Amino acid sequence: MVETQELLPSAAPLQLIDPDGRPGQNPGGLTFPEPDVLVRLHRGMVLGRRFDTQATVLAKQGRLAVYPSSRGQDACQVGAALAVRGQDWLFPTYRDSVAILTRGVDAAETLALLRGDWHCGYDPYEHRVAPQCTPLATNTLHAVGLAHAATLQAKDQVALVLLGDGATSEGDAHEALNFAALWKAPVVFLVQNNGYAISVPLAKQTAAPTLAAKGIGYGIPPLLIDGNDAAAVYAAARSGVERAATGGGPTLIEAITYRVEAHTNADDATRYRTDDEVRGWLGRDPIARLEVYLRAERLLDDEAAGRLAAEAEQLAADVRDRMSTEASADPAELFEHVYAQPTAALERQRAALLAELDELEESAP
């Protein structure tokens, strides 16, 4: 059993670097990352922001079917991806493309799913990144299943699963949290609380004082952190990974952050939030916050910042070039990798589709 005191999150979000780039006043038990980690966090966020901006433009141009931006949630994306070890697994959602990129997945492969291209676009086993999850909270169950299997096989492996505040309202999340606690599965649940489940504000989703407080009911130690503080996100996620890896079981982290862009390119966010609200959060930008701190500590100067900006532009140019070519997809591949041994029903569906395509080709002028 977990001690009752361990199940109480802090009253205020834990913070290592405040919005002005100074040491935070509420670090709690978080360990401040080493300087090289802070530099990596900054680099990941700068590259990720430029990637995210470019992907948003590509969606508006019709080169992506859809793109859910994570601008504003940069610290959560990069902090989480850098906190997991090489042998661990990341379980992302549809909004976590920057986390996938930070984990080392190729930029074009990261966007393949959102382009409607081949399967999930990358090899999950090569990068230990599960396919992006579109249905809310289903990835929480996948993460617990993999983590429990790792325990049964005596593997040193942790699963870090990303989810939003809306996903915590799903039954899948309840089941995942409950069984993770019962099995002491090595899982870190990182909830990016950006205030809205599409257009539904958190106050209309739950009466709990915080989402972290829900850990009490599951017997999972929770952490409430400032999700725009990359140092705090990394420290909290890393502590959860280390706890899980040493048999301590799961951790529930709630990161308070904000989605600056609309839910997707198909959403009109002005219907449910004000410009003043968005401007207020723009003043808490996670990249600017960390950059101020790094400059004050002489870990970043104009020359290094210029090189990083050039690298980010090169990344964006590469993404533009590779997304400008038409995707070449074989419809028959839809049926590959669904089952190790295709079922009779799947074979019938494949034959029916290919026959229909043949008829269309024959009737074409």
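Rules behind the numbers
- Residues numbered from 1 in each chain as written.
- Predicted model: local features only at pLDDT ≥ 70, side-chain atom pairs only at ≥ 80, totals over all residues.
- Heavy atoms only, no water.
- Buried < 20%, exposed > 50% of the residue type's maximum accessible area, 1.4 Å probe, protein only.
- Helix = DSSP H or I, 4+ residues; strand = E, 2+ residues; numbered from the N terminus.
- Core = buried A, V, L, I, M, F, W, Y, C linked by side-chain atoms within 4.5 Å.
- Contact = heavy atoms within 4.5 Å.
- Pairing = 2+ DSSP bridges.
- Phe/Tyr/Trp six-rings, centres within 6.5 Å; stacked < 30°, edge-to-face > 60°.
- Patch = residues over 30% accessible without salt bridge, like charges linked within 9 Å, V, L, I, M, F, W, Y side chains within 5 Å.
- Areas by Shrake-Rupley, 256 points an atom, 1.4 Å probe, with all protein chains shown as cover.
- Salt bridge = Lys/Arg side-chain N within 4 Å of Asp/Glu carboxyl O.
- Lys, Arg positive; Asp, Glu negative; His and termini not counted.
- Axes fitted to C-alpha atoms, helices over the stretch in contact; angles between N-to-C directions.
- Left-handed = near helix turned anticlockwise from the far one by under 90°.
- Nonpolar A, V, L, I, M, F, W, Y, C, P; charged D, E, K, R; others polar.

A. Just helix H2 (residues 74-83), in detail. Here H2 lies mainly inside the structure; 10 of its 10 residues are buried. Listed as buried for H2 are Asp74, Ala75, Cys76, Gln77, Val78, Gly79, Ala80, Ala81, Leu82 and Ala83.

B. Structural detail: the nonpolar core. Grouped together as the largest cluster of nonpolar side chains are 67 residues, with contacts concentrated most on Leu41, Phe51, Leu111, Leu160 and Ile225. The next biggest cluster of nonpolar side chains, apart from the first, holds 23 residues, and it includes Ala159, Val161, Ala167 and Ala173.

C. Region of interest: the side chain of Asn139. The residue Asn139 is located in helix H6 (residues 138-152) in this model. Overall, the relative accessible area of 2% leaves Asn139 in the buried class. Ignoring anything within four residues of it in the chain, the contact list for Asn139 reads Phe91, Pro92, Thr93, Cys133, Val161 and Leu162.

D. Just unusual backbone geometry, in detail. Unusually for a residue other than glycine, Ile198 sits at a positive phi of about 60°. One can find Ile198 in the loop between strand E6 (196-197) and strand E7 (200-201). Ile198 gets classed as partly exposed once you look at its relative accessible area, which sits at 43%. Non-glycine residue His337 carries a positive phi angle of around 70°.

E. How the structure looks around the pairing of strand E8 (residues 222-226). Burial runs high along E8: 5 of the 5 residues are buried. The side-chain alternation of E8 yields two buried faces, one formed by Pro222, Leu224 and Asp226 and the other by Leu223 and Ile225. As judged from the 5 bridges shared by E8 and strand E9 (residues 251-256), these two strands associate in the parallel manner. Across the sheet, Asp226 pairs through a bridge with Ile256, a residue of E9.

F. Highlighting the packing of aromatic side chains. All told, the structure shown has 6 aromatic pairs when counted by the stated rule. An angle of 40° between the planes, with centres 5.6 Å apart, marks the rings of Phe32 and Tyr293 as tilted. Placement of the pair is Phe32 in the loop between strand E2 (23-26) and helix H1 (35-60) and Tyr293 in helix H11 (residues 286-296), with a sequence separation of 261 residues. Arranged with centres 5.8 Å apart and planes meeting at 85°, the rings of Trp89 and Tyr125 form a pair that is edge-to-face. Placement of Trp89 in strand E3 (residues 89-91) and of Tyr125 in helix H5 (residues 124-127) is noted, with a sequence separation of 36 residues between them. For Tyr125, a relative accessible area of 66% puts it in the exposed group. Members of the aromatic cluster, joined through ring pairs, are Trp89, Phe91 and Tyr125.

G. Local environment of a nonpolar patch on the surface. A cluster of nonpolar side chains, contributed by Phe179, Leu182 and Trp183, occupies part of the molecular surface with about 320 Å² of accessible area. Structurally, the position occupied by Phe179 is in helix H7 (residues 171-183).

H. Structural context of the side chain of Asp229. One can find Asp229 in the loop between E8 and helix H9 (230-245). Of the side chains bearing the opposite charge, Arg289 lies closest to the buried Asp229, which forms no salt bridge; the N-O distance is 4.5 Å. Ignoring sequence-local partners within four residues, the contact set of Asp229 consists of Gln15, Leu16, Ile17, Ala75 and Arg289.

I. A look at the packing of H2 against H9. The interhelical angle for the contact between H2 and H9, taken along N-to-C directions, is 35°, at an axis separation of 8 Å. The handedness of the crossing between H2 and H9 comes out as right-handed. Where H2 abuts H9, its residues Ala75, Cys76, Gly79, Ala80, Leu82 and Ala83 lie against Ala230, Val233, Tyr234, Ala237, Arg238 and Val241. Grouping the amino acids of the contact of H2 with H9 by side-chain chemistry returns 10 nonpolar, 1 polar and 1 charged.

J. Here's a closer look at the sheet that holds E3. Strand order in the open sheet made by the 5 strands is E3-E4-E5-E9-E8, with parallel pairing throughout. Bordering the open sheet on either side are E3 and E8, each of which pairs with just one other strand. Here the strands of the sheet are splayed against their neighbours by 20° on average, with no regard to which way each runs. Of the strand pairs in this sheet, strand E4 (residues 159-164) and strand E5 (residues 187-193) are connected by 6 bridges, and their pairing is parallel. Along E5, the bridge assignment pairs Val161 with Phe189.

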